[in-house]
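The lines below spell out each chain.
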Amino acid sequence: PRCEAQINLVPNPSFEELEGNCDSLQCCFNIGSRPLHWYSWMNSPDYFNACIPGLGLDSLVDVPQNGWTFQYAWEGEAYVGGVTYYAGENYREYVGAELLQPLQVGCTYELRFQTAPAYGGNYWLVDGTACNNIGMLFTTGSNAWTEVWPPGPDFAFRNHVQLKAEFPITDTASWTLVEGSFTADSAYAYVVLGNFFPDSITSVLPIGNPDPWTGVSYYVI
């Protein structure tokens, strides 16, 4: 009997392939400083890679130590990150990519990603904030910012998502797996990562003993 398994429809799924090269990596998903096939869909997320030569602990986008966190990659040498909660500001950062092929209406897909809250950064964030709603959203149209500056179009809160963390993820030492499944109701062609809910319906917890508590959540994926 014939048996088929779901193939991975996400391009460059662990962000190992660079759009540019290690020597030119900077913050903020600028041109040449992002993983191949991936773009900012809102504001200025970041791309981190251990391949950066000769910068070590001083680098803002190195792995494991960088401006936002101290975290080894789940696999390989790279990950992406973005702001998922900003108290009172409703500020968000998203990363997205076009799927290798659109989803088929009526088919059920398994979804999973690894994530961790930022903690112990050397520049932007020392203490952190945990939040829920970190998720994976599928869309039929693109909101990719091919350049971070000047900014692209806004990406409004969706208040729904195909997969999300129901509770604040607080483990800063290890990666947390978020997984589930859904049946496609449209021919979705794009995948986006982030928190697609406003602050008012996002639950948060401080990490460590922040004084003062900044109320900023940043997650790496």
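My aim in this report is to walk through the structure given alongside it, one point at a time. (Residues numbered from 1 in each chain as written. Predicted model: local features only at pLDDT ≥ 70, side-chain atom pairs only at ≥ 80, totals over all residues. Heavy atoms only, no water.)

### A look at the overall build of the chain
Alright, step 1. A count of helices and strands for the chain gives zero helices and twelve strands.
Alright, step 2. When the helices and strands of the chain are listed from N to C terminus, the series reads β-β-β-β-β-β-β-β-β-β-β-β.
Alright, step 3. Taking 17 Å as the expected radius of gyration for a compact globule of 221 residues, we find that the chain reaches 17 Å, a close match to that expectation.
Alright, step 4. Dimensions along the principal axes, computed over C-alpha positions, put the chain at roughly 55 × 40 × 40 Å.
Alright, step 5. Taking all 221 residues of the chain together, 49% fall into the buried category.
Alright, step 6. Look at the contacts in the chain between residues 6 or more apart in sequence, and 78% of them connect residues 24 or more apart.
Alright, step 7. With an accessible surface of roughly 10500 Å², the chain has 52% of that area assigned to carbon and sulfur atoms.
Alright, step 8. If you average the places of the 6 positive and of the 23 negative side-chain charges in the chain, the two averages end up 11 Å apart. (Helix = DSSP H or I, 4+ residues; strand = E, 2+ residues; numbered from the N terminus. Rg over C-alpha atoms; globule rule 2.2 N^0.38 Å. Buried < 20%, exposed > 50% of the residue type's maximum accessible area, 1.4 Å probe, protein only. Contact = heavy atoms within 4.5 Å. Areas by Shrake-Rupley, 256 points an atom, 1.4 Å probe, with all protein chains shown as cover. Lys, Arg positive; Asp, Glu negative; His and termini not counted. Charge placed at Lys NZ, Arg CZ, Asp CG, Glu CD.)

### Quick word on the nonpolar core
Alright, step 1. Core analysis: the largest hydrophobic core is formed by 47 residues, its most contacted members being Trp-38, Phe-48, Leu-103, Met-136, Phe-138 and Phe-182.
Alright, step 2. Formed by twelve residues, the second largest nonpolar core is a distinct cluster that contains Trp-145, Tyr-190, Val-192 and Phe-197. (Core = buried A, V, L, I, M, F, W, Y, C linked by side-chain atoms within 4.5 Å.)

### Here's the deal with the pattern of salt bridges
Alright, step 1. Summed over the entire model, instances satisfying the criterion amount to four salt bridges.
Alright, step 2. The residue Glu-19 makes a salt bridge to Arg-34 at a minimum N-O spacing of 2.9 Å. Of this pair, Glu-19 sits in the segment before strand 1 (38-42) while Arg-34 is found in the segment before strand 1, placing the two residues 15 residues apart along the sequence.
Alright, step 3. Taking relative accessible area as the criterion, Glu-19 reaches 29% and is therefore assigned partly exposed.
Alright, step 4. Arg-112 is paired through a salt bridge with Glu-110; the nearest N and O atoms lie 3.1 Å apart.
Alright, step 5. When salt bridges with common partners are traced through the structure, they connect Glu-110, Arg-112 and Glu-179 into a single cluster. (Salt bridge = Lys/Arg side-chain N within 4 Å of Asp/Glu carboxyl O.)

### With respect to the sheet that holds strand 1
Alright, step 1. In space, the five strands of this open sheet follow the order 1-4-10-7-8, with antiparallel pairing throughout. Of all strands in the sheet, those with a lone pairing partner are strand 1 and strand 8 (163-164), marking the two edges.
Alright, step 2. In this sheet, strand 10 (residues 190-195) lies alongside strand 7 (residues 134-139) in antiparallel orientation, the contact comprising six bridges. Counterpart to Met-136 in the pairing with strand 10 is Leu-193. (Pairing = 2+ DSSP bridges.)

### Let's talk about the packing of aromatic side chains
Alright, step 1. Scanning all chains against the criterion turns up 16 aromatic pairs.
Alright, step 2. Look at Trp-41 and Phe-155: their rings are 5.6 Å apart centre to centre, the planes differ by 80 degrees, and that puts the pair in the edge-to-face class. Taken as a pair, Trp-41 in strand 1 and Phe-155 in the loop between strand 7 and strand 8 lie far apart in primary sequence, 114 residues in all. Each member of the pair, Trp-41 together with Phe-155, is buried.
Alright, step 3. A ring pair is formed by Tyr-123 and Trp-124, whose centres lie 5.5 Å apart and whose planes are at 80 degrees; its orientation type is edge-to-face.
Alright, step 4. The class of Tyr-123 is exposed, set by a relative accessible area of 58%. (Phe/Tyr/Trp six-rings, centres within 6.5 Å; stacked < 30°, edge-to-face > 60°.)

Such coordinate-based values are descriptive only and should not be taken to indicate function.
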